[in-house]
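In case you want the letters, here they are:
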Amino acid sequence: MTSPSRDSGHRLLFVLLLVLCLLMAASVCFGAIDFSPAQIWRALGTLWPGHAGGTLNERIFMDIRLPRAILCVLTGAALGVGGALMQGLFRNPIVEPGLVGTSSGAAFGAAIFFVLTGMLKFTAQPWELPVAACAGGIVATYMVFVLAQNKATGRSSIVMLLLTGLAVNALFLSGVGFMAYIARDPQARSITFWNLGTLSGANWHAVTTVGLTTIGGTLLALRYAKQLNALMIGEEEAIYLGVNVNRLKWIVMTINVVIVAVATAFTGVIAFVGLVVPHILRMIKGAENRYLIIGSALVGGILLTLADLVARLALHPAELPIGIVTSVVGVPVFISLLRHREYVF
Amino acid sequence: MGRFRPLAGFLLAALLVTSCGRFGRKAASAATGPRDVVISQLYNEIIWALGAQQSVVAVDWSSTYPPAIKSVATIGYHRALSAESILSLRPTVVIEDGNVGPPQVLQQLHELGVPTKTFTHTNDTIPDLEALIREMGAFFHKEARAEELCQRLDRQMAASLEAVKQYHDSPRVAIIHYGQASNVYLTVTGHGGGDAAGAGQMIAWAGGRMAIGGRSGMQRLLSPEIVAEANPDVILMTAFGYDKLGSMAAAKTLPGVAETSAARHNRIYRVTEHQLMYLNPDTGANVLTIAKLIHQPPSQ
Amino acid sequence: MLEAIDVSYRAGGRELVHGLSARFEPGQLHLIMGPNGAGKSTFIKLLSRLLRPSGGRVVYAGRDAAEWADSELATRRAVLSQAMELAFPLSVHEVVKMGRYPHFGGRPSRHDEAICQEVMDFFDVAVLADRSYATLSGGEQQRVNFARVLAQIWEPMPQGHRYLFLDEPLTFLDIRHQLDFMKKVRAFGRAPDVVTVGVVHDLGLAARFADRLILMRDGGIAAQGPAETVLTRDLVRAVFDVEPSFVPASDGRGVHLVFD
């Protein structure tokens, strides 16, 4: 007996994929400069070997617009999957990757970077900021892991992880505040704007790095979808079903950190996506993790692409920080879904 | 493989979209002359003073002087730029003062062959500023006007300094500035620093003394201890912070201010950043303006 | 067969249970009884390997419990407790399917789906299969859990026995369903390879359905054996501090306990 629910899950994912493609097309066409289909076709033609240079427009498309559109989707996917993993791990729907220190650690790494380069007055290589942010994210999350472990049993309960995450978050966020305080005005503003997120630094290097971690991390996470399902009915129950809960926590947390920290490192802190995206999917089709993880990647990409379109078009030709837009775009979507379905926790 | 999937989707979207005529929007046609994008308040001020603004097609959000500049298109905040915004204006050169971010944006511009320019001189001192004016004059082929500006600056400086000699008092001045990034009120220390590099010098030329002792050129958070300890005779507040409060009475409610000699004698004045905080072509006249303010007899 | 050999357990500086030795034969319903704080729950958790003993051993079919791999044990040992929390929307069918998780890797086979259908029928929840678990009443939810747990050990495994543990599963059930459940569990547990051990709070039900009883008090075993030998007036009085009366059951098996 095949369950009907399984099929409509596949259908939904396919529809989401279609929507994502359409939005990507829009993202690639519109912006500070608009590209017609003919121009895009010619620009892609420069990929062929033996085809030199290209006009400025074509090179803008290939070097700036296209990587940005792809990075946008990848980052949205990373944040969405991170949110789904965290909520599954903590069995709590109001959790997002930032809660275990990843985002605040990354923000702190970036803040230190801004302040130090300002104080020591050296011009930084573009790749050094992502490294600093990633390092910060990893350190903060690792701290949460270690501090949350019960010394006697070597296990870390979900509650301990949440509480420790809160504490470490507070620590690193006040660290960011302190950095902003001692920073001179230009650096303080850099910190502020980094905290609002931006995709303007997108290049192919960012795309390949974030692509690797996001796609690889998502595929790996799918292998643990079944175990995360079991975890949904309780830690004890999961143990009875043969899940090594402690190992699962470590693995899922690590995947989450890598996915989110690397994405955050290139784009700054973009909040709210990780929180809202899994909710939207659960409202439509329930919480089964295989569907949820793939769906979160797709919807995350959709949401962020939409947000980026607004960010780039609203104040044409200037840009809005994307973090502002994700809040403004995400909330109405969330609320309208809440009102249309009965969402029982 | 992933790159080509959007193609299928967008071909569909393109059909829908070509009808709404957005592709008619002009990404600016062939350049008929220089198109400058200038990302620096100081540079813009000097360009307008030189009369070279016709070639400027866009500026950054922070460039707000002179008032005429507000009708020019802007490309965003100078530390949160995007290469595409700049490129959509088809600049022939991007002029920046080394204070732009994020760092990738400049790199992207270079990779796409867009020239950038930073002038070698800054406005730390008057001679430095004049060298900058001349340098920019040469760049924009307004050498004669640049010379005029320098001479006017020298003349006005000399006249102002002479006029200041008539004042025999040397009021102790505190400057309160509003830091928008950290959302707090700051005081400028003896050496000024950063955005306020000129403030200390301005006060000295205007015949006053900086009331708040300096650490190495930083601005310090306004606190009751600092202000009370300094007990300035005059308080100058920059425009944004003053306008946020709305009136002198409201300004007196800032921590520690009410007990100062300045507050008691109602010697709290509003100044624009242009007048006080940094050296610029109008500094010569500004010195006299500041001097008149701070030497004003106290009103009861 | 399941065996506990001189098992003890310490936590937080205290010894919760000590000197627990018992044998659990297949085909029989073993129930652990005792007043609050006697250590019943701890004992069941030690037997089901949720906890590792501080001293002594728990042995499954001749092998020490600690030697079994998680996944291996999960195919033949199922635990029904009331500790199920579900914060997310899942359908009843998805919940029951989880019982088969130890048996399939990626996707459930048609056989797994067939078993899910059988257990849902067994507990009268098949009609609820597509409903969201969270919208069910407490009793319905518990029956769905019974289905899930039994789905885990629905079929005999090639080697060794199956083990079913019940940790106070009757909360939320009305009396009709309580009796129904106990009858079904006893019927299931009659299979020659199934070892059933449970903790049931209701003295009357325990007396009515158990084949063998273990009376616990103060962290140790006060008495164990067939129901008839254990349920004497003296023992019940000693362990529970109450005065019982015995009434034979109408089917000739077991007794009813009545108290003044």
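On a predicted model such as this, the values are computed, not experimentally measured, just so you know. (Residues numbered from 1 in each chain as written. Chains lettered and ligands numbered in written order. Predicted model: local features only at pLDDT ≥ 70, side-chain atom pairs only at ≥ 80, totals over all residues. Heavy atoms only, no water.)

Student: Give a description of the overall build of chain A that names residues and reports values.
Tutor: Helices and strands together make up the secondary structure of chain A, namely 14 helices and zero strands. Beginning at the N terminus, the succession of helices and strands in chain A can be written as α-α-α-α-α-α-α-α-α-α-α-α-α-α. Among the 345 residues that make up chain A, the fraction classed as buried is 63%. Nonlocal contacts in chain A, meaning residues at least 24 apart in sequence, comprise 78% of its contacts between residues at least 6 apart. (Helix = DSSP H or I, 4+ residues; strand = E, 2+ residues; numbered from the N terminus. Buried < 20%, exposed > 50% of the residue type's maximum accessible area, 1.4 Å probe, protein only. Contact = heavy atoms within 4.5 Å.)

Student: Explain the pattern of salt bridges to me, using residue names and the numbers behind them.
Tutor: Residues and elements named next belong to chain A. Summed over the entire model, instances satisfying the criterion amount to 25 salt bridges over all chains. In this structure, K249 engages E235 in a salt bridge whose closest nitrogen and oxygen atoms are separated by 3.5 Å. Taken together, the positions of K249 in helix α11 (residues 245-267) and E235 in helix α10 (residues 235-240) put the pair 14 residues apart, joining distant regions of the chain. Residue K249 is classed as buried on the basis of its relative accessible area, which comes to 2%. Here the salt bridges share partners, and the residues they tie into one network are R68, D308, R312 and E319. (Salt bridge = Lys/Arg side-chain N within 4 Å of Asp/Glu carboxyl O.)

Student: Describe the interface of chain A and chain C, listing the residues and the values that go with them.
Tutor: By a widespread convention, an interface's size corresponds to the accessible area lost as its parts come together. Listed per partner, the contact involves 28 residues of chain A and 36 residues of chain C. Contact between chain A and chain C buries roughly 3,000 Å² in total, counting both sides, with carbon and sulfur atoms accounting for 57%. Applying the counting rule to chain A against chain C returns one salt bridge. Note that C:R148 and A:E237 form a salt bridge whose closest N and O atoms lie 3.2 Å from each other. Counting across the interface, chain A meets chain C through 10 residue pairs in polar contact (both at pLDDT 80 or more). The set of elements that each furnish at least two residues to the side of chain A that touches chain C consists of α9 (225-232) and α10 of chain A. Considered class by class, the residues forming the side of chain A that touches chain C number 12 nonpolar, eight polar and eight charged. (Buried area = accessible area lost by both parts, 1.4 Å probe. Polar contact = N/O pair within 3.5 Å; in protein donor to acceptor, adjacent residues only side chain to side chain. Nonpolar A, V, L, I, M, F, W, Y, C, P; charged D, E, K, R; others polar.)

Student: How would you summarise the environment of C:L203 if you had to cite specific residues and measurements?
Tutor: All names here are of chain C. Looking at the element boundaries, L203 is found in helix α7 (residues 203-209). Under the relative-accessibility criterion, L203 is labelled buried at 14%. In this structure, the C-alpha to C-alpha distance between L203 and L257, residues 54 residues apart in sequence, is 7.3 Å. For L203, the contacting residues outside a window of four places in its chain are M33, F240, L257 and F259.

Student: Please give an account of the packing of helix α8 (residues 204-223) of chain A against α11(A) that cites residues and values.
Tutor: All names here are of chain A. Viewed as axis vectors pointing N to C, α8 and α11 meet at an angle of 160°, and their least axial separation amounts to 9 Å. Between α8 and α11, the crossing angle belongs to the class labelled roughly antiparallel. Both α8 and α11 take part in a crossing whose hand is left-handed. In this structure, α8 uses H205, A206, T209, V210, T213, T214, G217, T218, L220 and A221 to contact α11, whose residues at the interface are I255, V258, I259, V262, A263 and F266. When its residues are assigned to classes, the contact of α8 with α11 shows 10 nonpolar, six polar and no charged. (Axes fitted to C-alpha atoms, helices over the stretch in contact; angles between N-to-C directions. Parallel < 35°, antiparallel > 145°, perpendicular 65-115°, else oblique. Left-handed = near helix turned anticlockwise from the far one by under 90°.)

Student: Residue-level account of the sheet that holds strand β2 (residues 56-59) of chain B, with values.
Tutor: Residue and element names in this part refer to chain B. Reading across the sheet, the five strands line up as β3-β2-β1-β4-β5 and stay open at both edges, with parallel pairing between neighbours. One side of each edge strand has no neighbouring strand; the edge strands of this open sheet are β3 (73-74) and β5 (116-117). In this sheet, strand β4 (residues 93-96) lies alongside strand β1 (residues 36-39) in parallel orientation, the contact comprising four bridges. The residue bridging V38 from the neighbouring strand is I95, located in β4. With respect to the sheet, helix α2 (residues 41-50) is in contact with β1, β2 and β4, its orientation differing from that of β2 by roughly 150°. (Pairing = 2+ DSSP bridges.)

Student: Can you lay out the sheet that holds strand β9 (residues 212-217) of chain C for me, pointing to particular residues and giving the numbers?
Tutor: Residues and elements named next belong to chain C. Read from one edge of the open sheet, six strands run β6-β7-β8-β3-β9-β10, paired in mixed fashion. Whereas interior strands pair on both sides, the edge strands pair on one side only; in this sheet they are β6 (77-81) and β10 (220-226). Each neighbouring strand pair of the sheet contributes to a mean axis angle of 15°, computed without reference to strand direction. Across four bridges, the pairing between strand β3 (residues 29-33) and strand β8 (residues 194-199) is parallel. From the neighbouring strand, H30 faces β8, where its bridge partner is V197. Sitting on the sheet, helix α1 (residues 40-47) touches β3, β7 (162-167), β8, β9 and β10, and the angle it makes with β7 is about 155°.

Student: Account for the nonpolar core, naming residues and giving values.
Tutor: Membership of the largest hydrophobic core comes to 190 residues, with the highest contact counts inside it found for A:F61, A:W194, B:I86, C:L164, C:F181 and C:M182. It is helix α3 (residues 56-90) of chain A that contributes the most residues to this core, 20 residues altogether. B:A49, B:L50, B:A146 and B:M157 belong to the second largest nonpolar core, which has 50 residues in total. (Core = buried A, V, L, I, M, F, W, Y, C linked by side-chain atoms within 4.5 Å.)

Student: Please give an account of α8(A) that cites residues and values.
Tutor: Residue and element names in this part refer to chain A. An ideal rise of 1.5 Å per residue puts 28 Å on 20 residues; α8 measures up with 28 Å between its terminal C-alpha atoms. Turning to α8, its buried residues are A206, V207, V210, G211, T213, T214, G217, T218, A221 and L222. Against α3, α9, α11 and α13 (289-313) lie the buried residues of α8. (Expected span 1.5 Å × (residues − 1).)

Student: Talk me through the environment of A:T305; I want residue IDs and the actual numbers.
Tutor: Residue and element names in this part refer to chain A. Within the secondary structure, T305 is located in helix α13. Looking at T305, the relative accessible area reads 1%, which means it is buried. Taking C-alpha positions, T305 is 23 Å from V95, a pair spaced 210 residues apart along the chain. Residues in contact with T305, not counting those within four places in the same chain, are L20, L23, M24, S27, C72 and V73.

Student: Pulling in residues and values, what's your account of the pairing of β9(C)?
Tutor: Residue and element names in this part refer to chain C. Where β3 and β9 come together, four bridges link them in parallel fashion. Residue pairing in the sheet places H30 in a bridge with R212 of β9. Two strands pair when backbone bridges link them, and β9 and β10 are joined in this way by six bridges, in the antiparallel orientation. When the sheet's bridge partners are listed, L215 is paired in β10 with A223. Taking the residues that link successive antiparallel strands as the turn, the β9-β10 hairpin has two residues, and the phi of D218 there is positive, at about 55°.

Student: Outline the confidence of the model for chain A, supporting the account with residue identities and numerical values.
Tutor: Chain-level pLDDT for chain A is 83 on average; 88% of the residues reach the 70-or-more range. Confidence scores differ between elements of chain A, with helix α7 (residues 185-194) of chain A showing the lowest mean pLDDT of 73 and α8(A) the highest of 93. (pLDDT = per-residue confidence, 0-100.)

Student: How would you summarise the confidence of the model for chain B if you had to cite specific residues and measurements?
Tutor: Interpreting fine coordinate detail is not advised for predicted regions of low pLDDT. Taken over all residues, the pLDDT of chain B has a mean of 81, while the share at 70 or more is 82%. By mean pLDDT, the top-scoring element of chain B is β1(B) (94), and the lowest-scoring one is helix α1 (residues 5-18) of chain B (42).

Student: Residues and numbers for the side chain of B:H78, please.
Tutor: Positionally, B:H78 belongs in the loop between β3 and α3 (83-87). In this structure B:H78 touches B:I39, B:D60, B:S62, B:N99, B:V100 and B:G101, once residues within four positions along its chain are discounted.

Student: So, helix α4 (residues 103-111) of chain B: which residues are in play, and what are the values?
Tutor: Residues of α4(B) that are buried: B:Q104, B:V105, B:Q108 and B:L109. Buried residues of α4(B), seen end-on, are gathered within an arc of 140° and therefore sit on one face of the element. Contact partners of the buried residues in α4(B): α3 of chain A together with α3 and β4 of chain B. Just downstream of α4(B), B:G113 is the residue with a positive phi angle, here 80°. (Arc of directions from axis to C-beta.)

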